[in-house]
Amino acid sequence: MASWLFWTGLGSFSQRSGSSERPSEARAGCGVKIAFLCATAPLTLLAVRWSKALTPAGTVPGLFEAMVIPMLVLAPFCWLCGAGFGSLARVAPPARLYLWECLGALAGGAFATFAAAGSIPALPLLCVCGAGVSLLAVRLGGAWAHAAALLVCVPLALASDRIDAVRPGFGGLRLVEQKEGRYGHLAMAEAGGAKTFFFNGVAVTTFPDRAAEEEAGLWPLLSHPDPGKVLALGVSALPGLAEALEHPVSEVVVVEADAEALDMVRRHLDADARRALDDPRVKLVADDPRAFLRKEGGFDVVLHMGSEPLNAAANRLFTKEFFSEVRSSLARGGVLGFSLPSSENYLSPETAFANASVLRSLAEVFGSERALVPGSRMMVLAGVSQDRLDPGRLGAVYRRRRIKNTTLVPPAFAYHLMPERRAALEQRLSGLAGTAVNQDLRPVACFHAWKLWLVRVVSPAHLLGLIAVAGLGLWGLVRLWKSRRSVFASWESGAVFCLGLSGICAEVVLLLAFQSVCGALYWKVGLLMASFMGGLAAGAVAGARSAGTRERSAVLLRVLLAVLGAAAAGLGAGLTGLAGLAPGAAELVFCGLLAGLGLLVGWAYPLACPAGPAEVYAADLWGSSLGAFLTGAFLVPLAGMRASLALAGCAAAAALLWPRRSR
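Everything numeric in this text was worked out from a predicted model, so none of it was measured.

Q: Which parts of the structure should I look at to understand the overall build of the protein chain?
A: Looking only at helices and strands, the protein chain has 27 helices and 11 strands in total. Along the first, second and third principal axes, the C-alpha set of the protein chain runs to 90 × 55 × 50 Å. Split into buried and exposed, the 663 residues of the protein chain put 53% on the buried side. Counted over contacts in the protein chain with a minimum sequence separation of 6, partners at least 24 positions apart contribute 77%. For the protein chain, the accessible surface area stands at approximately 27700 Å², while carbon and sulfur atoms represent 65% of it. Side chains of the protein chain give 59 positive and 47 negative charges; the mean places of these two sets differ by 8 Å.

Written as structure tokens, this is what we have:
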């Protein structure tokens, strides 16, 4: 988002007032920009997809790639977006132009949410839309450019099936199947007889892996005296169901939000795993795990099969609030089992910090009733006292239940449950001072991913790349400071910059809070953004009607800044109440809040237009770019959502103190 906003702002700023270009030339130039915009849309999508080949298969990109790739890939398309707006602002009323841009984004977001998501492939859709828009814009001028756009879009649309089949980024794995679903991109790849399921490019589970499947469910099920009713969360539970059914269970419920992910993994399971799915005791449910936990209860064992809190979506299943919901759904004496990244002998500081944060969150709910089992993945058992993990007692239960494992067998229990190893692991994690509780509104465990990015700089190539990026960034800041009188040539530009920063901070917080509550942000982001753009459109109408003299507009801008600052403070105070909403009510409330936020931001643009429509538009986008980067990359993971909203309020207050001067 930050890269998108930065380049769009730069494109708009390149078309700032003062040019000697005549209106007819500006109109023709805009037609050319729109034509190239239509052609670059599908090419940008392909570049984003193929950039995955620059990182190892199934891994999260490092800091260098995460910063550089979006900036490079999005540059042409986003610059053209901004430059096209700047050109049109010379030949059309800026406020009306801004209104129609918002309405177009509103229509696009609604279409993406309710019609396209999970049903229409993105590449042919972009090609068809690009061809249609290019034909509509022919009358602006640049017929040759529109012909070139059609020559790009039409062949890509016709060959989209074959192009979609080429998906770099799987390394030496052979891509077996893929699908663009409502929750993300699903893919199944194979190598050496083992299959790996990928979700949005990240490896989720590899099967068959008998050792991992036995370890994931054995300790929680074995530590419970009578595991009758079992709940397994996540698609990763499917390969290990056969092992779970060897215990005296009466029901195993597998809950996964993405039904398409369940279907894809199910089709590729081996014969034993498919037979387990046909067992009458097994029930598959397509539902958000947290929503299901709030509706159902009485489970003896809950198996949480998620990998780790790498991002905000995964983190919501490792927070204090999640553990509270699990505790409420457990029967008396119930057990929660999940695993975290670890190693047999050494725990890195980054991994230890993330694990300690999750364990502290668990302790807030389960107290001291938890036990750790060391290994390549550390097994965490909540609701289990340390003395219940006696190797002899568990071995007797194993034999009584007639379990037939191949790797994790009673003779190995003494090693896995060695008191010295468990005590060393406990001491390592408990010795980390200042570990914060991982919460829905303060996802500090996501800091783990951020720190892993930093660890990547130990590679000389990454270090040199980061030094180069830092040097370019410093050069850009120096250039910006030297050009500050042209970038912020008016008070209105500075005010809109702060307004954009404040608004985007609040918007990012609302999007992440919505994800914590509902879990489904991927395909509903279109609906949420459409709500925000609808608010922008309404604000543009209100701003155009309320604009008057420059002095009057400046007063109204100050009022908007004060209202936005107060709204940010109010959101910070009411976030806890938002987090407790039911998913259905949350959609309405969050859409309403985003629309209200958009109303305040959109109202400002027509008021500030007399200072230069292209410059003001660029200032708005650059403030939004900075706010998105700071909020998403640093503030929310490190300080929480309330602190991010405090920054939003401070940005609005800073604009109120911005010195007023004429252009």
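Q: Is there a simple way to explain a nonpolar patch on the surface in this structure?
A: A cluster of nonpolar side chains, W100, L103 and L106, forms an exposed patch at the surface whose accessible area comes to about 280 Å². Assignment of secondary structure puts L106 in helix 4 (residues 94-116).

Q: Looking at this model, I keep getting lost on the pattern of salt bridges. Mind explaining?
A: Note on pairing: side chains with opposite charge can pair once their charged atoms come close. Scanning all chains against the criterion turns up 19 salt bridges. With a closest N to O distance of 2.9 Å, D440 and R290 form a salt bridge. Of this pair, D440 sits in the loop between helix 18 (419-430) and helix 19 (447-455) while R290 sits in helix 12 (residues 289-295), placing them 150 residues apart in sequence. Connected via shared salt-bridge partners are R290, R294, E325 and D440.

Q: Just checking my understanding: could you explain the nonpolar core for this structure?
A: Generally speaking, nonpolar side chains in soluble globular proteins are found buried as a group. In terms of nonpolar packing, the biggest core is built from 73 residues, with Y98, L528, L536, L575, F590, Y605 and M641 touching the most fellow members. Every element with two or more residues in this core is listed here: helix 1 (2-13), helix 4, helix 22 (491-518), helix 23 (525-546), helix 24 (550-579), helix 25 (583-608), helix 26 (613-639) and helix 27 (641-656). Among the elements that take part in this core, helix 22 stands out by supplying 19 residues, more than any other. Leave out the neighbours within four places in its chain, and L528 touches L511, F514, L521, F590, C591 and L594. Among the nonpolar cores identified, the runner-up in size contains 32 residues, and F292, V326, L347 and L359 belong to it.

Q: Explanation requested: the packing of aromatic side chains in the structure shown.
A: Each aromatic ring pair is summarised here by two numbers: the centre-to-centre distance and the angle between the ring planes. As enumerated under the stated definition, the model contains 17 aromatic pairs in all. With a centroid separation of 3.9 Å and an interplanar angle of 15 degrees, the aromatic rings of F85 and Y617 are classed as stacked. With F85 in helix 3 (residues 63-88) and Y617 in helix 26, this residue pair connects regions lying 532 residues apart in the sequence. Residue class for Y617 comes out buried when judged on its relative accessible area of 5%. With a centroid separation of 6.1 Å and an interplanar angle of 75 degrees, the aromatic rings of F318 and F338 are classed as edge-to-face.

Q: Whenever I open this one, the sheet that holds strand 7 (residues 282-286) confuses me. Can you help?
A: Strands in a sheet are paired, the pairing made by backbone hydrogen bonds, and the direction either parallel or antiparallel. Strand order in the open sheet made by the 7 strands is 7-6-5-8-9-11-10, with mixed pairing throughout. The open sheet terminates on both sides in strands that have one partner only, identified here as strand 7 and strand 10 (370-373). Each neighbouring strand pair of the sheet contributes to a mean axis angle of 15 degrees, computed without reference to strand direction. Note: strand 9 (residues 330-341) against strand 11 (residues 377-382), 6 bridges, orientation antiparallel.

Q: How do you make sense of the packing of helix 2 (residues 23-50) against helix 6 (residues 143-158) when you look at a structure like this?
A: Following both chains from N to C, one finds helix 2 and helix 6 inclined at 20 degrees, their axes separated by 8 Å at the closest point. Classed by the angle they form, the pair helix 2 and helix 6 counts as roughly parallel. Between helix 2 and helix 6 the crossing geometry is left-handed. Residues G31, V32, A35, F36, C38, A39, P42, L43 and L46 of helix 2 lie in contact with helix 6, whose contacting residues are W144, A145, H146, A149, V152, C153 and L156. When the residues that make up the contact of helix 2 with helix 6 are grouped by side-chain class, the tally is 14 nonpolar, 2 polar and no charged.

Q: Help me understand the sheet that holds strand 1 (residues 174-180), please; the structure alone is not making it clear to me.
A: Spatially, 1-2-3-4 is the arrangement adopted by the 4 strands of the open sheet, whose pairing is antiparallel. A strand with exactly one partner marks an edge of an open sheet, and here the two such strands are strand 1 and strand 4 (202-207). Each strand axis lies, on average, 20 degrees off the axis of its neighbour in the sheet, ignoring direction. In the sheet, strand 3 (residues 194-199) pairs with strand 4 via 5 bridges, with the strands oriented antiparallel.

Q: Please clarify how the side chain of T40 should be interpreted in this entry.
A: Relative to the helices and strands, T40 resides in helix 2. A polar side-chain atom of T40 sits 3.0 Å from the main-chain carbonyl oxygen of L37.

Q: Looking at this structure, how should I read the packing of helix 26 against helix 27?
A: In a packed pair of helices, the relevant descriptors are the angle between the two axes and the axis-to-axis distance. Close contact between helix 26 and helix 27 brings their axes to 6 Å; oriented N to C, the two are set at 130 degrees. Taken together, the axes of helix 26 and helix 27 lie oblique to each other. Only M641, A643, S644 and L647 of helix 27 make contact with helix 26, whose side of the interface consists of T631, L635, V636 and A639. Class assignment for the residues of the contact of helix 26 with helix 27 results in 6 nonpolar, 2 polar and no charged.

Criteria and cut-off values
- Residues numbered from 1 in each chain as written.
- Predicted model: local features only at pLDDT ≥ 70, side-chain atom pairs only at ≥ 80, totals over all residues.
- Heavy atoms only, no water.
- Helix = DSSP H or I, 4+ residues; strand = E, 2+ residues; numbered from the N terminus.
- Buried < 20%, exposed > 50% of the residue type's maximum accessible area, 1.4 Å probe, protein only.
- Contact = heavy atoms within 4.5 Å.
- Areas by Shrake-Rupley, 256 points an atom, 1.4 Å probe, with all protein chains shown as cover.
- Lys, Arg positive; Asp, Glu negative; His and termini not counted.
- Charge placed at Lys NZ, Arg CZ, Asp CG, Glu CD.
- Patch = residues over 30% accessible without salt bridge, like charges linked within 9 Å, V, L, I, M, F, W, Y side chains within 5 Å.
- Salt bridge = Lys/Arg side-chain N within 4 Å of Asp/Glu carboxyl O.
- Core = buried A, V, L, I, M, F, W, Y, C linked by side-chain atoms within 4.5 Å.
- Phe/Tyr/Trp six-rings, centres within 6.5 Å; stacked < 30°, edge-to-face > 60°.
- Pairing = 2+ DSSP bridges.
- Axes fitted to C-alpha atoms, helices over the stretch in contact; angles between N-to-C directions.
- Parallel < 35°, antiparallel > 145°, perpendicular 65-115°, else oblique.
- Left-handed = near helix turned anticlockwise from the far one by under 90°.
- Nonpolar A, V, L, I, M, F, W, Y, C, P; charged D, E, K, R; others polar.
- Polar contact = N/O pair within 3.5 Å; in protein donor to acceptor, adjacent residues only side chain to side chain.

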